[in-house]
Amino acid sequence: MAGLALCLSSFAAQALFDADDVLDCAALNAPDSSFSETTDIEVKDNSGKHRKMQARVLGQRNDTELLLNLRLTSPGNMAGTTVLVRERAKQNDDIRLYLPAMQRTRYISDAMSTTKLFDTDFSYADFKQLYGAFTDGTIEYQGIEKWHGRNVHKLRIFPSPETQQPYNSLITRIDTDTCVIMGMDFLDVQDNPQRQLVADETSLTNIDGRHLAQRYTMSDLLKGSSTTLQIKRVAMDEKIPKDAFDPETFFNPH
(Lines give C-alpha, C1' and ligand atoms only; values in the text may rest on other atoms or scores of the structure.)
Protein backbone atom coordinates (compact mmCIF):
# COMPACT_ATOMS: atom_id res chain seq x y z
CA MET A 1 0.00 0.00 0.00
CA ALA A 2 3.02 2.34 0.09
CA GLY A 3 2.39 3.04 -3.58
CA LEU A 4 -0.76 4.92 -2.65
CA ALA A 5 1.41 7.90 -1.69
CA LEU A 6 2.59 8.24 -5.28
CA CYS A 7 -0.80 9.48 -6.46
CA LEU A 8 -0.33 13.17 -7.29
CA SER A 9 -3.88 14.36 -7.83
CA SER A 10 -7.42 13.78 -6.72
CA PHE A 11 -8.33 12.88 -10.29
CA ALA A 12 -5.75 10.11 -10.42
CA ALA A 13 -6.83 8.84 -7.04
CA GLN A 14 -10.46 8.75 -8.13
CA ALA A 15 -9.45 6.58 -11.08
CA LEU A 16 -7.39 4.12 -9.03
CA PHE A 17 -9.15 3.79 -5.68
CA ASP A 18 -12.57 3.75 -4.11
CA ALA A 19 -13.89 3.81 -0.55
CA ASP A 20 -13.73 0.02 -0.20
CA ASP A 21 -10.03 0.01 -1.11
CA VAL A 22 -9.25 2.53 1.63
CA LEU A 23 -11.39 0.82 4.27
CA ASP A 24 -9.86 -2.56 3.40
CA CYS A 25 -6.40 -1.09 3.89
CA ALA A 26 -7.40 0.46 7.23
CA ALA A 27 -8.74 -2.93 8.31
CA LEU A 28 -5.26 -4.43 7.89
CA ASN A 29 -4.18 -2.43 10.95
CA ALA A 30 -6.80 -4.09 13.12
CA PRO A 31 -5.79 -7.01 15.34
CA ASP A 32 -6.82 -10.46 14.21
CA SER A 33 -8.91 -11.08 17.32
CA SER A 34 -8.29 -8.83 20.34
CA PHE A 35 -6.34 -5.96 21.86
CA SER A 36 -5.69 -4.25 25.17
CA GLU A 37 -4.24 -0.86 26.01
CA THR A 38 -3.98 1.87 28.60
CA THR A 39 -5.24 5.31 27.66
CA ASP A 40 -4.41 8.58 29.40
CA ILE A 41 -7.26 11.07 29.00
CA GLU A 42 -6.88 14.84 29.40
CA VAL A 43 -9.93 17.09 29.14
CA LYS A 44 -9.63 20.86 28.74
CA ASP A 45 -12.82 22.88 29.15
CA ASN A 46 -13.58 26.23 27.55
CA SER A 47 -12.16 28.10 30.55
CA GLY A 48 -8.78 26.36 30.18
CA LYS A 49 -9.17 24.07 33.19
CA HIS A 50 -7.67 20.59 32.82
CA ARG A 51 -8.95 17.27 34.13
CA LYS A 52 -7.10 13.94 33.84
CA MET A 53 -8.28 10.34 33.80
CA GLN A 54 -6.85 6.97 32.88
CA ALA A 55 -8.68 4.04 31.34
CA ARG A 56 -7.92 0.43 30.54
CA VAL A 57 -9.40 -0.62 27.21
CA LEU A 58 -10.11 -4.19 26.12
CA GLY A 59 -11.36 -5.01 22.65
CA GLN A 60 -12.34 -8.02 20.64
CA ARG A 61 -13.56 -8.27 17.08
CA ASN A 62 -14.69 -10.72 14.46
CA ASP A 63 -15.77 -10.21 10.86
CA THR A 64 -18.92 -8.25 11.70
CA GLU A 65 -18.82 -7.11 15.33
CA LEU A 66 -16.63 -5.08 17.67
CA LEU A 67 -16.69 -5.51 21.46
CA LEU A 68 -15.22 -2.83 23.73
CA ASN A 69 -14.72 -2.70 27.50
CA LEU A 70 -13.54 0.69 28.83
CA ARG A 71 -12.82 0.85 32.56
CA LEU A 72 -11.63 3.98 34.36
CA THR A 73 -8.71 3.33 36.72
CA SER A 74 -8.33 6.94 37.90
CA PRO A 75 -9.18 9.36 39.40
CA GLY A 76 -10.15 7.53 42.55
CA ASN A 77 -13.71 8.81 42.75
CA MET A 78 -14.43 7.43 39.26
CA ALA A 79 -12.29 4.29 39.34
CA GLY A 80 -14.27 1.21 38.38
CA THR A 81 -16.73 3.09 36.15
CA THR A 82 -16.99 0.78 33.16
CA VAL A 83 -18.60 0.91 29.73
CA LEU A 84 -19.41 -2.12 27.61
CA VAL A 85 -20.09 -1.60 23.90
CA ARG A 86 -21.29 -4.60 21.91
CA GLU A 87 -21.74 -4.02 18.22
CA ARG A 88 -24.42 -6.29 16.76
CA ALA A 89 -25.00 -7.06 13.09
CA LYS A 90 -28.26 -5.53 11.79
CA GLN A 91 -29.25 -4.43 15.30
CA ASN A 92 -28.68 -1.42 17.50
CA ASP A 93 -25.53 -1.55 19.62
CA ASP A 94 -25.82 -2.93 23.13
CA ILE A 95 -24.21 -0.28 25.39
CA ARG A 96 -24.08 -0.54 29.18
CA LEU A 97 -22.58 1.72 31.83
CA TYR A 98 -21.61 0.45 35.29
CA LEU A 99 -21.54 3.00 38.12
CA PRO A 100 -19.61 1.61 41.12
CA ALA A 101 -20.96 4.21 43.56
CA MET A 102 -24.46 2.91 42.88
CA GLN A 103 -23.39 -0.68 42.21
CA ARG A 104 -25.73 -0.86 39.29
CA THR A 105 -25.64 -1.09 35.51
CA ARG A 106 -27.42 1.42 33.29
CA TYR A 107 -28.50 0.57 29.76
CA ILE A 108 -27.56 3.24 27.20
CA SER A 109 -30.15 3.48 24.44
CA ASP A 110 -29.06 3.83 20.83
CA ALA A 111 -30.38 7.41 20.88
CA MET A 112 -27.88 8.18 23.67
CA SER A 113 -24.87 6.67 21.90
CA THR A 114 -23.84 10.14 20.72
CA THR A 115 -23.71 11.61 24.24
CA LYS A 116 -20.35 12.33 25.88
CA LEU A 117 -18.48 9.40 27.38
CA PHE A 118 -17.05 10.08 30.87
CA ASP A 119 -17.90 13.77 30.26
CA THR A 120 -15.19 14.03 27.57
CA ASP A 121 -15.51 15.32 24.00
CA PHE A 122 -15.75 11.71 22.74
CA SER A 123 -19.11 9.98 22.44
CA TYR A 124 -19.74 6.25 22.73
CA ALA A 125 -20.04 6.12 18.92
CA ASP A 126 -16.76 8.03 18.48
CA PHE A 127 -14.81 5.35 20.33
CA LYS A 128 -16.18 2.72 17.97
CA GLN A 129 -15.03 4.70 14.93
CA LEU A 130 -11.64 5.32 16.48
CA TYR A 131 -11.19 1.54 16.60
CA GLY A 132 -12.26 1.09 12.99
CA ALA A 133 -16.02 0.46 13.27
CA PHE A 134 -17.32 3.15 10.92
CA THR A 135 -20.89 4.33 11.17
CA ASP A 136 -23.40 2.81 8.75
CA GLY A 137 -24.30 4.94 5.77
CA THR A 138 -23.24 6.05 2.31
CA ILE A 139 -19.49 6.48 1.83
CA GLU A 140 -17.97 8.60 -0.95
CA TYR A 141 -14.31 8.55 -1.94
CA GLN A 142 -13.16 12.13 -2.59
CA GLY A 143 -9.52 11.65 -3.56
CA ILE A 144 -6.18 12.49 -1.95
CA GLU A 145 -5.33 15.76 -0.21
CA LYS A 146 -2.70 17.19 2.13
CA TRP A 147 -3.57 17.02 5.85
CA HIS A 148 -1.10 18.39 8.39
CA GLY A 149 1.72 17.75 5.92
CA ARG A 150 0.73 14.18 5.02
CA ASN A 151 -1.10 12.70 2.03
CA VAL A 152 -4.48 11.35 3.10
CA HIS A 153 -7.43 9.67 1.46
CA LYS A 154 -10.57 11.72 1.97
CA LEU A 155 -13.84 9.90 2.61
CA ARG A 156 -17.22 11.51 3.17
CA ILE A 157 -19.72 9.46 5.15
CA PHE A 158 -23.44 10.23 5.22
CA PRO A 159 -24.87 8.27 8.17
CA SER A 160 -28.02 6.27 7.65
CA PRO A 161 -31.14 7.74 9.31
CA GLU A 162 -31.28 4.77 11.68
CA THR A 163 -27.99 5.71 13.36
CA GLN A 164 -29.39 9.04 14.67
CA GLN A 165 -26.06 10.86 14.50
CA PRO A 166 -25.93 14.54 15.61
CA TYR A 167 -24.06 15.55 12.43
CA ASN A 168 -25.06 15.64 8.77
CA SER A 169 -21.89 14.06 7.38
CA LEU A 170 -18.45 12.96 8.47
CA ILE A 171 -15.19 13.69 6.63
CA THR A 172 -12.63 10.99 7.45
CA ARG A 173 -8.99 11.32 6.46
CA ILE A 174 -6.87 8.16 6.25
CA ASP A 175 -3.10 8.25 5.77
CA THR A 176 -1.98 6.96 2.36
CA ASP A 177 1.26 5.47 3.74
CA THR A 178 -0.06 3.69 6.84
CA CYS A 179 -3.87 3.61 6.40
CA VAL A 180 -4.28 5.10 9.90
CA ILE A 181 -7.15 7.49 10.64
CA MET A 182 -5.54 10.93 10.78
CA GLY A 183 -8.59 13.14 11.19
CA MET A 184 -12.36 13.50 11.18
CA ASP A 185 -14.59 16.53 10.66
CA PHE A 186 -18.15 16.28 11.99
CA LEU A 187 -20.19 18.58 9.71
CA ASP A 188 -23.62 20.18 10.04
CA VAL A 189 -26.07 20.64 7.16
CA GLN A 190 -24.15 23.76 6.00
CA ASP A 191 -20.90 21.73 5.96
CA ASN A 192 -19.56 23.67 8.94
CA PRO A 193 -17.43 21.53 11.30
CA GLN A 194 -18.92 21.10 14.77
CA ARG A 195 -16.16 18.87 16.13
CA GLN A 196 -12.80 17.77 14.79
CA LEU A 197 -10.58 14.79 15.53
CA VAL A 198 -6.84 15.13 14.78
CA ALA A 199 -4.12 12.50 15.14
CA ASP A 200 -0.64 13.59 16.18
CA GLU A 201 1.47 12.50 13.20
CA THR A 202 4.54 12.23 15.43
CA SER A 203 2.75 9.51 17.43
CA LEU A 204 2.44 7.11 14.48
CA THR A 205 3.98 3.76 15.35
CA ASN A 206 4.23 0.19 14.09
CA ILE A 207 3.37 -2.72 16.37
CA ASP A 208 3.85 -6.20 14.93
CA GLY A 209 3.31 -4.91 11.39
CA ARG A 210 0.20 -2.90 12.24
CA HIS A 211 0.19 0.89 12.22
CA LEU A 212 -1.58 3.14 14.71
CA ALA A 213 -1.53 6.66 16.08
CA GLN A 214 -1.00 6.82 19.84
CA ARG A 215 -2.27 10.35 20.35
CA TYR A 216 -5.60 11.85 19.25
CA THR A 217 -7.32 15.12 20.15
CA MET A 218 -11.06 15.70 19.76
CA SER A 219 -12.07 19.38 19.76
CA ASP A 220 -15.60 20.70 20.22
CA LEU A 221 -15.40 23.74 17.95
CA LEU A 222 -18.69 25.15 19.22
CA LYS A 223 -18.00 24.89 22.95
CA GLY A 224 -14.24 25.42 22.88
CA SER A 225 -13.34 22.25 24.81
CA SER A 226 -11.00 19.44 23.80
CA THR A 227 -10.01 15.94 24.90
CA THR A 228 -6.67 14.26 24.19
CA LEU A 229 -6.10 10.51 24.29
CA GLN A 230 -2.59 9.14 24.79
CA ILE A 231 -2.55 5.41 24.06
CA LYS A 232 0.06 3.28 25.83
CA ARG A 233 0.96 -0.34 26.51
CA VAL A 234 -0.76 -1.74 23.44
CA ALA A 235 -0.99 -5.52 23.15
CA MET A 236 -2.64 -7.39 20.29
CA ASP A 237 -4.18 -10.82 19.92
CA GLU A 238 -3.70 -11.87 23.52
CA LYS A 239 -6.29 -13.90 25.36
CA ILE A 240 -9.00 -11.78 27.02
CA PRO A 241 -11.53 -13.38 29.41
CA LYS A 242 -14.93 -13.76 27.80
CA ASP A 243 -16.66 -12.31 30.84
CA ALA A 244 -15.10 -8.91 30.04
CA PHE A 245 -17.75 -8.63 27.33
CA ASP A 246 -20.61 -10.34 29.18
CA PRO A 247 -23.39 -7.90 30.25
CA GLU A 248 -23.58 -9.68 33.62
CA THR A 249 -19.86 -9.56 34.46
CA PHE A 250 -18.18 -6.86 32.31
CA PHE A 251 -17.72 -4.52 35.28
CA ASN A 252 -15.57 -6.97 37.28
CA PRO A 253 -11.78 -6.35 37.30
CA HIS A 254 -9.96 -8.14 34.44
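Residues numbered from 1 in each chain as written. Predicted model: local features only at pLDDT ≥ 70, side-chain atom pairs only at ≥ 80, totals over all residues. Heavy atoms only, no water.

## Section: the nonpolar core
Thought 1: Within the largest apolar cluster, 51 residues are counted, with the highest numbers of intra-cluster contacts made by L68, V83, Y131, I174 and Y216.
Thought 2: Looking at which element gives the most residues to this core, the answer is helix α2 (residues 19–27), with five residues.
Thought 3: L67, Y98, I240 and F245 belong to the second-largest nonpolar core, a separate cluster that totals eight residues. (Core = buried A, V, L, I, M, F, W, Y, C linked by side-chain atoms within 4.5 Å. Buried < 20%, exposed > 50% of the residue type's maximum accessible area, 1.4 Å probe, protein only. Helix = DSSP H or I, 4+ residues; strand = E, 2+ residues; numbered from the N terminus.)

## Re the pairing of strand β4 (residues 82–86)
Thought 1: Within β4, four of the five residues are buried, which leaves the element mostly enclosed by the surrounding structure.
Thought 2: Bridge count for β4 against strand β5 (residues 94–99) is five bridges, and the pairing is antiparallel. Bridge assignment links T82 to a residue of β5, and that residue is Y98. (Pairing = 2+ DSSP bridges.)

## Quick notes on the state of the cysteines
Thought 1: All chains considered together, the criterion is met by one disulfide.
Thought 2: Residue C25 pairs covalently with C179 via a disulfide, S to S 1.8 Å. The S-S bond linking C25 to C179 shows a torsion near 80 degrees; that makes this disulfide right-handed. Highlighted residues: C25 in helix α2 and C179 in the loop between β9 (169–175) and β10 (181–187), separated in sequence by 154 residues. (Disulfide = S-S within 2.5 Å.)

## Some points on the pairing of strand β13 (residues 210–213)
The side chains of a regular strand alternate, first on one face of the sheet and then on the other.
Thought 1: Summarising the sheet, strand β12 (residues 204–207) and β13 pair through four bridges and their orientation is antiparallel. Note that in β13 the partner of I207 across the bridge is R210.
Thought 2: Between β12 and the antiparallel strand that follows it, β13, lie two residues; D208 among them carries a positive phi value of about 55 degrees.

## Structural notes on the pattern of salt bridges
Thought 1: Considering all chains together, one arrives at 16 salt bridges under this definition.
Thought 2: Between R195 and D126 there is a salt bridge whose closest N-O contact spans 2.6 Å. Of the two residues, R195 is situated in strand β11 (residues 193–199) and D126 in helix α3 (residues 124–130); the sequence distance between them amounts to 69 residues. There is no split in this pair, since R195 and D126 are both buried.
Thought 3: We note a salt bridge from D177 to R150, for which the minimum N-O separation is 4.0 Å. (Salt bridge = Lys/Arg side-chain N within 4 Å of Asp/Glu carboxyl O.)

By themselves, these observations are geometric and do not establish any function.
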